[in-house]
Amino acid sequence: MGMKKETKKVIKQSTKKETESEMLARLVASGFEDVSKNFEQMRSEIKETEARITGHVNDRCDRIEYILLRAQDNRIERLEDNMRRVKTALEMA
């Protein structure tokens, strides 16, 4: 298993006077910085995905609403036509 470039860089930068625990502390801190960067990137990707999904859901809801309203309008028009026929039939009788 190879060492990361950053880890090699940290080790190379360490001086002979630096103790092993100090070097280990710097390596751990470097690792936490990497993890923090990865979390920020993931957070950004999640927000983008959420926005995209929300947009798709809104589009689908708009289509469903349009279909339902159109069906309701058609039903009302048919009922009005039937009422006109009934009214005309009653007037003739």
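Below: a short report on this structure. Model, not experiment: these values are computed from the prediction.

Quick word on the overall build of the protein
- Counting its secondary structure elements, the protein contains two helices and zero strands.
- Scored against the burial criterion, the 93 residues of the protein give a buried share of 5%.
- Accessible area for the protein stands at about 9000 Å²; split by element, carbon and sulfur atoms hold 59% of it.

A few points about a nonpolar patch on the surface
- Nonpolar side chains collect at one region of the surface, where Val35, Phe39, Met42 and Ile46 lie side by side and expose about 390 Å² of accessible area between them.
- Examined against the element boundaries, Phe39 turns out to sit in helix H2 (residues 20-92).

Focus: the pattern of salt bridges
- Evaluated as defined, the whole model comprises two salt bridges.
- In this structure, Arg43 engages Glu40 in a salt bridge whose closest nitrogen and oxygen atoms are separated by 2.6 Å. Of the two residues, Arg43 and Glu40 are both situated in helix H2; the distance of three residues between them amounts to about one turn of the helix.
- Residue Glu40 is classed as partly exposed on the basis of its relative accessible area of 46%.
- A salt bridge links Arg84 to Asp81, with the nearest nitrogen and oxygen atoms 2.6 Å apart. In this pair, Arg84 and Asp81 both sit in helix H2, three residues apart, roughly one turn of the helix.
- Taking the relative accessible area as the measure of exposure, Arg84 reaches 48% and is therefore partly exposed.

Conventions and cut-offs
Residues numbered from 1 in each chain as written. Predicted model: local features only at pLDDT ≥ 70, side-chain atom pairs only at ≥ 80, totals over all residues. Heavy atoms only, no water. Helix = DSSP H or I, 4+ residues; strand = E, 2+ residues; numbered from the N terminus. Buried < 20%, exposed > 50% of the residue type's maximum accessible area, 1.4 Å probe, protein only. Areas by Shrake-Rupley, 256 points an atom, 1.4 Å probe, with all protein chains shown as cover. Patch = residues over 30% accessible without salt bridge, like charges linked within 9 Å, V, L, I, M, F, W, Y side chains within 5 Å. Salt bridge = Lys/Arg side-chain N within 4 Å of Asp/Glu carboxyl O.

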